[in-house]
Each structure stands twice: as C-alpha cells, then as structure tokens.
Amino acid sequence: MQIFSGEIAQDVGPQLTPNRQSVTMSYDDVGNLVKIEFWAASRILRPDTLSSGRMRLTYDSELDEARLHLAGGIVDDSELLVVGPQLTPTADRLLLAYDTADYLVYVDVEGADRVLRAETLAAAL
C-alpha cells in the first residue's frame, strides 16, 4: 500500500524499545495506522526479517485483533517482553512484543477494524 504526501495526520512516538531504540507509529486523519517506522532497524528487527523483508499480518475477525508478525517460526510467548498498551487515536490498543535479544517479534492491534484500513485487513491471512 502506498502512502501519499500529506496523508499522515499524526505521529505517535517515539516509543523506546528495550534496547533504547525507537519506533514511531503514523496515523491518517481518521485514526488508521498507516506506517510503522523503526529507527536503527538493525537493532530492533531480526537480521532474517531485514534480509527477507517478509512480514505477515493475521486477523481474527471474531476478536477483532490483528497481529503483524516480524519473526519467522514459532515464538515462545513465555519469554517475550510485551510493551504497552499504546493507545491509538481511536482509543484502541497496540502491544509490542520483544524477544530476549530485544528484537521486536510482533505488534498486536486490538480493535483492528478501526485501526487498520479495510484493504490492509483484506490482505491479512
């Protein structure tokens, strides 16, 4: 999805990661999350995520929750540090989960149908 000039109405952040780097969330004028920016990305995202450029979005319509997966394979949730909630402009919540090496593993979006655009959710698995 392309983001057009002037489309971002609000930046939220920087939110500091466990290793003191920052993540900024950008929203459009109706509160849809349209961009996540990682400063010092090599210290926030796993090398395999950066080299492949692959991320996966899943959506549970019954719970209205989406998860942006930033790490391949199975992740042991008991070893993750979950940061948040960070409130969105629509008063929904984002949760960021980091592994023991301080890499961002996933971003959970609660109230996904209000926070993510319909075309983004349509592309989710």
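Parameters and conventions
- Residues numbered from 1 in each chain as written.
- Predicted model: local features only at pLDDT ≥ 70, side-chain atom pairs only at ≥ 80, totals over all residues.
- Heavy atoms only, no water.
- 1 Å grid on protein atoms, 1.4 Å probe; cavity = no way out; pocket = protein on both sides within 12 Å on 5 of 7 lines; lining within 4 Å.
- Points joined across faces, edges and corners; volume = space filled by probe spheres on them.
- Helix = DSSP H or I, 4+ residues; strand = E, 2+ residues; numbered from the N terminus.
- Nonpolar A, V, L, I, M, F, W, Y, C, P; charged D, E, K, R; others polar.
- Polar contact = N/O pair within 3.5 Å; in protein donor to acceptor, adjacent residues only side chain to side chain.
- Contact = heavy atoms within 4.5 Å.
- Salt bridge = Lys/Arg side-chain N within 4 Å of Asp/Glu carboxyl O.
- Buried < 20%, exposed > 50% of the residue type's maximum accessible area, 1.4 Å probe, protein only.
- Core = buried A, V, L, I, M, F, W, Y, C linked by side-chain atoms within 4.5 Å.

Undergrad: Honestly, the layout of surface pockets in this entry has me stumped. Any pointers?
TA: Over the atoms, a rolling probe the size of a water molecule traces out where space has been left empty. The space that makes up the largest pocket amounts to roughly 440 Å³. The wall of the largest pocket is formed by 16 residues, among which Ile36, Leu57, Leu68, Leu116 and Thr120 lie closest to the centre. Elements with a minimum of two residues in the lining of the largest pocket: β3 (33-38), β4 (56-60) and β8 (104-110). It is β3 that provides the largest number of residues to the lining of the largest pocket, a total of five residues. Residue composition of the lining of the largest pocket, grouped by class: 13 nonpolar, one polar and two charged.

Undergrad: Is there a simple way to think about the side chain of Thr17 in this case?
TA: Turning to its location among the elements, Thr17 is positioned in the loop between β1 (10-16) and β2 (22-27). Side chain to side chain, Thr17 and Asn19 meet in a polar contact 2.6 Å long. Look past the residues within four positions of Thr17 in its chain and what remains in contact with it is Ser22, Val23, Ile44 and Tyr98.

Undergrad: I would appreciate a short explanation of the side chain of Glu7 in the present structure.
TA: By secondary structure assignment, the location of Glu7 is in the segment before β1. Here Arg117 takes part through its side chain, which lies 2.3 Å from a polar atom of the side chain of Glu7.

Undergrad: What is the right way to look at the pattern of salt bridges in this model?
TA: Side chains carrying opposite charge are able to pair once their charged atoms draw close together. Using the criterion set out here, one finds nine salt bridges in the structure. Between Asp92 and Arg114 there is a salt bridge, and its shortest N-O distance comes to 2.6 Å. Remark: Arg114 occurs in helix α3 (residues 112-115) and Asp92 occurs in the loop between β6 (81-87) and β7 (93-98); sequence separation between them is 22 residues. Take Asp92: its relative accessible area is 8%, and that puts it in the buried class. It is possible to trace a salt-bridge network through shared partners that takes in Asp64, Asp92, Asp113 and Arg114.

Undergrad: What exactly am I supposed to notice about the nonpolar core here?
TA: Within soluble globular proteins, side chains that are nonpolar generally end up buried alongside one another. Leu104, Val109 and Leu116 are the most contacted members of the largest nonpolar core, which totals 21 residues. Among the elements of the structure, β2, β3, β7, β8 and α3 are those that each provide at least two residues to this core. Excluding residues within four positions of it along the chain, Leu104 makes contact with Phe38, Ile44, Leu45, Leu70, Leu96, Ala97 and Tyr98. Core analysis: the second largest hydrophobic core is formed by five residues, Ala71, Leu80, Ala97 and Tyr106 among them.

Geometric descriptors of this kind do not, in isolation, establish any biological role.
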